Amino acid sequence: MTRHPTLRTTLLAAAAPLLFSTAALAGEVEVLHWWTSGGEAKAAAALKSTMQAKGHSWKDFAVAGGGGDAAMTVLKSRVVSGNAPAAAQIKGPSLQEWAAEGVLANIDGVAKAGGWDTLLPKVVSDVMKYKGNYIAVPVNVHRVNWLWANPEALKKAGAKVPTNWDEFFVAAEALKKAGLVPVAHGGQNWQDFTTFESVALGVGGAEFYTKALVMRDPATLGSATMEKVLATFKRVKDYTDKNASGRDWNLATAMVIRGEAGMQLMGDWAKGEFLAAGKVPGKDFVCAAAPGTAKAFTFNIDSFAMFKVKGDDKVKAQNDLAAAIMSPEFQELFNLNKGSIPARLSMKMDKFDDCAKLSSKDFVDTAKGGGLVPSIAHGMAVPSAVEGAMKDVVSQFWNDPKMSAKDAMTRLVSAAKVK
Ligand code: BGC
């Protein structure tokens with residue numbers, strides 16, 4: 001198994017002191033993110049123009065690579081060399097890991113002035129705080145457990161949008177017979193795990209998902225339900241094409257957009273791609289909860305952590321960035337492009353499409369009734385080293401025809417304990 005160093009070991013390994021660059025322009029805000037696909041870039045542009053409208057200069061620090069693995073590697077090396085950006089797209093428990101290193105700024109002043117505690121759902125604000133202080137600001141809530149489909153392709157195959165896994169395989173078989181790629185997939189470990197967690201949620205339910213993947217209970221990881229989840233997951237691979245390995249997620253979405261493929265299991269950043277291509281939801285493409293997950297919601301919250309910066313102008317620019325991100329205008333504009341829904345509560349949704357409206361309703365309903373679960377694939381649930389180890393196992397299982405579900409279960413139990 002590949003070893004995944006914790007953030008602490010990476011930072012300690014570098015002898016360089018954590019000095020921050022003061023050489024950059026006054027009022028400049030450098031922002032690290034990985035939003036480089038069509039829809040993502042449009043959303044990032046909304047952030048840039050918001051900052052420029054406030055008179056600050058924007059230094060774009062984009063590191064391509066879906067899921068952000070490449071961006072996180074670059075960020076670590078920038079921080080250890082004493083040159084952190086003002087803000088970086090960091091999410092979930094990783095925020096706490098970075099804060100524990102003492103490199104993040106306390107932005108309570110901005111949060112108090114803006115009343116963030118009342119504007120954010122608790123499930124969101126909890127993640128943005130370290131020891132009770134805000135160290136990050138949320139831009140959105142993505143739902144991960146979606147299925148995207150091309151209605152023309154389904155029609156050609158005589159298939160319907162599946163609501164459970166049995167129906168999914170019926171539709172996939174029909175698409176295959178019609179000469180189409182049933183499932184557009186990109187074989188990268190975070191994409192494999194994105195599919196895997198939707199299967200786990202659909203086959204096992206939210207309680208199983210939480211016990212097995214979030215709490216990492218060895219008995220649940222070794223249960224008959226987990227065996228069924230793994231078998232179902234592996235069956236999905238039979239309906240992907242042979243060029244899937246290494247493919248970027250947005251290229252997989254493009255296959256559905258063009259009608260070469262029928263379906264894709266992916267979070268709603270995929271909707272940003274459909275929209276950027278001028279496609280209309282409900283007409284040119286369909287969004288549906290991933291099979292068997294209509295009453296559940298896997299959340300993935302994008303947020304920006306603020307690094308300690310020196311100089312009044314830089315601090316001001318950083319504070320303005322944090323405040324701007326929470327403004328209703330920004331939350332609307334950004335999320336209309338990104339495919340996600342605003343993180344801020346009580347936003348008007350009239351400009352949003354039906355996929356976003358459904359997401360917004362399901363987010364609220366599942367928060368009340370149970371069924372709201374964090375995404376492991378997208379850094380919401382477990383320490384980064386554990387996440388990396390679990391992703392390795394799941395991708396090895398996906399790619400190795402000889403690995404049995406039982407083997408994968410044993411390995412998952414070990415991965416879940418990685419320190
Ligand atoms: C991020 C999204 C991003 C997606 C693909 C996810 O982990 O939360 O904002 O669009 O990866 O890069």
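Counting of residues starts from 1 at the beginning of each chain's written sequence and follows it residue by residue. Since the coordinates come from a predicted model, pLDDT governs what is reported: local features require at least 70, and pairs of side-chain atoms require 80 or more to be given and counted, while whole-chain, interface and lining totals use all residues. Note: side-chain values were computed over all heavy atoms of the structure, leaving out hydrogens and water.

Student: Would you explain the sheet that holds strand β2 (residues 57-62) in this entry?
Tutor: Neighbouring strands of a sheet are bound in pairs by backbone hydrogen bonds; such pairs are parallel or else antiparallel. Spatially, the five strands line up as an open sheet ordered β2-β1-β3-β13-β6, and their pairing is mixed. Strand pairing shows two members of the sheet lacking a second neighbour, β2 and β6 (136-138), which therefore form its edges. Strand after strand, the sheet turns through a mean of 20° between neighbouring axes, direction not considered. Judged from the six bridges that link them, strand β1 (residues 28-33) and β2 form a sheet pairing that is parallel. What sits directly across from Val-31, in β2, is Asp-60. Should DSSP find at least two bridges between two strands, the strands are regarded as paired. The secondary structure listing takes helices from DSSP runs of H or I that are at least 4 residues long and strands from runs of E that are at least 2 residues long, numbered from the N terminus. In this description, a line fitted to the C-alpha atoms serves as the axis of each element, helices being fitted only across the stretch in contact, and the angle between N-to-C directions of two axes falls anywhere from 0 to 180 degrees.

Student: What is the right way to read the packing of aromatic side chains from this model?
Tutor: Both the distance between ring centres and the angle between the ring planes are used here to describe each pair of aromatic rings. Centres within 6.5 Å make a pair out of two Phe, Tyr or Trp rings, where for Trp the six-membered ring is used; the pair is then stacked when the planes are under 30 degrees apart, edge-to-face when over 60, and tilted otherwise. In total, this model carries 18 aromatic pairs according to the counting rule given. Between the aromatic rings of Trp-35 and Phe-334, the centroid separation amounts to 5.2 Å while the plane-to-plane angle is 55°, which identifies the pairing as tilted. You can see Trp-35 sitting in the loop between β1 and α2 (38-53) and its partner Phe-334 sitting in helix α16 (residues 328-338), a full 299 residues away along the chain. Owing to a relative accessible area of 3%, Trp-35 belongs among the buried residues under this scheme. Here the aromatic rings of Phe-297 and Phe-363 are separated by 5.3 Å at their centres, their planes lie at 55°, and the arrangement is tilted. Placement of Phe-297 in strand β12 (residues 297-300) and of Phe-363 in helix α17 (residues 354-369) is noted, with a sequence separation of 66 residues between them. In terms of burial, Phe-297 and Phe-363 fall into one category: buried. Through successive ring pairs, a cluster of aromatic residues spans Phe-193, Phe-196, Phe-233, Phe-397 and Trp-398. The ring of Trp-146 carries the charged tip of Arg-143 above its face, separated from the ring centre by 5.0 Å. Its end group placed over the ring of Phe-397, Lys-234 keeps NZ or CZ at 4.0 Å from the ring centre. Buried, partly exposed and exposed residues are distinguished by accessible area as a fraction of the type maximum, computed with a 1.4 Å probe on protein chains only: under 20%, between the cut-offs, and over 50%, respectively. Charge-over-ring contacts are defined here by two conditions on Lys NZ or Arg CZ: a distance within 6 Å of the ring centre and an angle within 35 degrees of the ring normal.

Student: Just checking my understanding: could you explain the state of the cysteines for this structure?
Tutor: A covalent bond between the sulfur atoms of two cysteines is referred to as a disulfide. Put simply, a disulfide is two cysteine sulfurs that come within 2.5 Å. Scanning the model with the defined rule gives one disulfide in all. The partner cysteine of Cys-287 in its disulfide is Cys-355, sulfur to sulfur 2.2 Å. Its S-S torsion of approximately -105° makes the covalent link between Cys-287 and Cys-355 left-handed. Taken together, the residues Cys-287 in strand β11 (residues 286-289) and Cys-355 in helix α17 connect sequence positions 68 residues apart. With respect to burial, Cys-287 and Cys-355 carry one shared label: buried.

Student: I tried to follow the domain arrangement of the protein chain on my own but got confused; where do I start?
Tutor: Many structure descriptions define interface size as the accessible area lost when the parts assemble. Segmenting the protein chain into domains produces domain 1 (7-142 + 300-355) and domain 2 (145-298 + 375-415). Here domain 1 and domain 2 have C-alpha centroids that lie 28 Å from each other. Simply put, the buried area is the total loss of 1.4 Å probe accessible area from both parts when two parts are fitted together. With both sides pooled, the region where domain 1 packs onto domain 2 buries about 1900 Å², and carbon together with sulfur makes up 56% of that total. For domain 1, the biggest contributors to the area lost against domain 2 are His-142, Asn-300 and Cys-355; these three give 27% of the whole. By definition, a salt bridge exists where a carboxyl oxygen of Asp or Glu is found within 4 Å of a side-chain nitrogen of Lys or Arg. At the surface where domain 1 touches domain 2, the tally comes to one salt bridge. A salt bridge links Asp-353 to Lys-271; the nearest nitrogen and oxygen atoms lie 3.1 Å apart. Each polar contact in these results corresponds to two N or O atoms within 3.5 Å; when the atoms are within protein, one needs to be able to donate a hydrogen and the other to accept it, and residues that are neighboring in sequence are counted only if both atoms are side-chain atoms. Linking domain 1 to domain 2 there are eight residue pairs in polar contact (both at pLDDT 80 or more). Mapped by element, the contributors of at least two residues to the side of domain 1 that touches domain 2 are α2, α4 (93-100) and α16. Among the elements that make up the side of domain 1 that touches domain 2, the one with the highest residue count is α2 (four residues). By the convention adopted, Pro, Cys, Tyr, Trp, Phe, Met, Ile, Leu, Val and Ala count as nonpolar, Lys, Arg, Asp and Glu as charged, and the other residues, Gly among them, as polar. In the side of domain 1 that touches domain 2, the residues fall into five nonpolar, twelve polar and seven charged. Boundaries of every domain are those given by an automatic assignment or by a domain database.

Student: Mind showing me how you'd approach the sheet that holds β11 here?
Tutor: The mixed open sheet is built from four strands, whose spatial order is β9-β10-β8-β11. Each of the sheet's edge strands pairs with one partner strand only, and the pair in question is β9 (181-183) and β11. Mean inter-strand twist for the sheet, computed between neighbouring axes without regard to direction, equals 20°. Taken together, the four bridges between strand β8 (residues 146-149) and β11 define a ladder with antiparallel strand orientation. Its bridge partner lying in β11, Leu-147 is registered against Ala-288. For this analysis, residues touch if any pair of their heavy atoms sits within 4.5 Å. Lying over the sheet, helix α9 (residues 165-177) contacts β8, β9 and β10 (261-265), oriented at roughly 150° with respect to β10.

Student: Explain the pairing of β1 to me, please; I cannot follow it from the model alone.
Tutor: Both faces of the sheet carry side chains from a regular strand, because those side chains alternate between them. With six of six residues buried, β1 is to be regarded as a mostly interior element. Neither face of β1 is exposed, since Glu-28, Glu-30 and Leu-32 on one face and Val-29, Val-31 and His-33 on the opposite face are all buried. Taking the sense of rotation as the criterion, the β-α-β connection linking β1, α2 and β2 turns out right-handed. With strands facing away from the observer, any crossover in which the path from the first strand over the helix to the second runs clockwise is taken as right-handed.

Student: For this particular structure, what's the right way to read the nonpolar core?
Tutor: Soluble, globular proteins show a tendency: their nonpolar side chains are buried together. Counting 67 residues, the largest nonpolar core has Trp-116, Phe-304 and Phe-307 as its most contacted members. Counting residues in hydrophobic clusters, the runner-up holds 56 residues, among them Val-236, Ala-290, Trp-398 and Val-413. As used in this record, nonpolar core signifies buried Ala, Val, Leu, Ile, Met, Phe, Trp, Tyr and Cys residues forming a set joined through side-chain atoms within 4.5 Å.

Student: Explain unusual backbone geometry here, please?
Tutor: Most of the time, phi is negative for any residue but glycine, and the peptide bond is trans. Of note in this structure, Lys-131 is not a glycine but carries a positive phi near 50°. Structurally, Lys-131 can be placed in the loop between β4 (129-130) and β5 (133-134). One non-glycine residue, Arg-216, lies in the positive phi region at around 55°. Under the relative-accessibility criterion, Arg-216 is labelled partly exposed at 22%.

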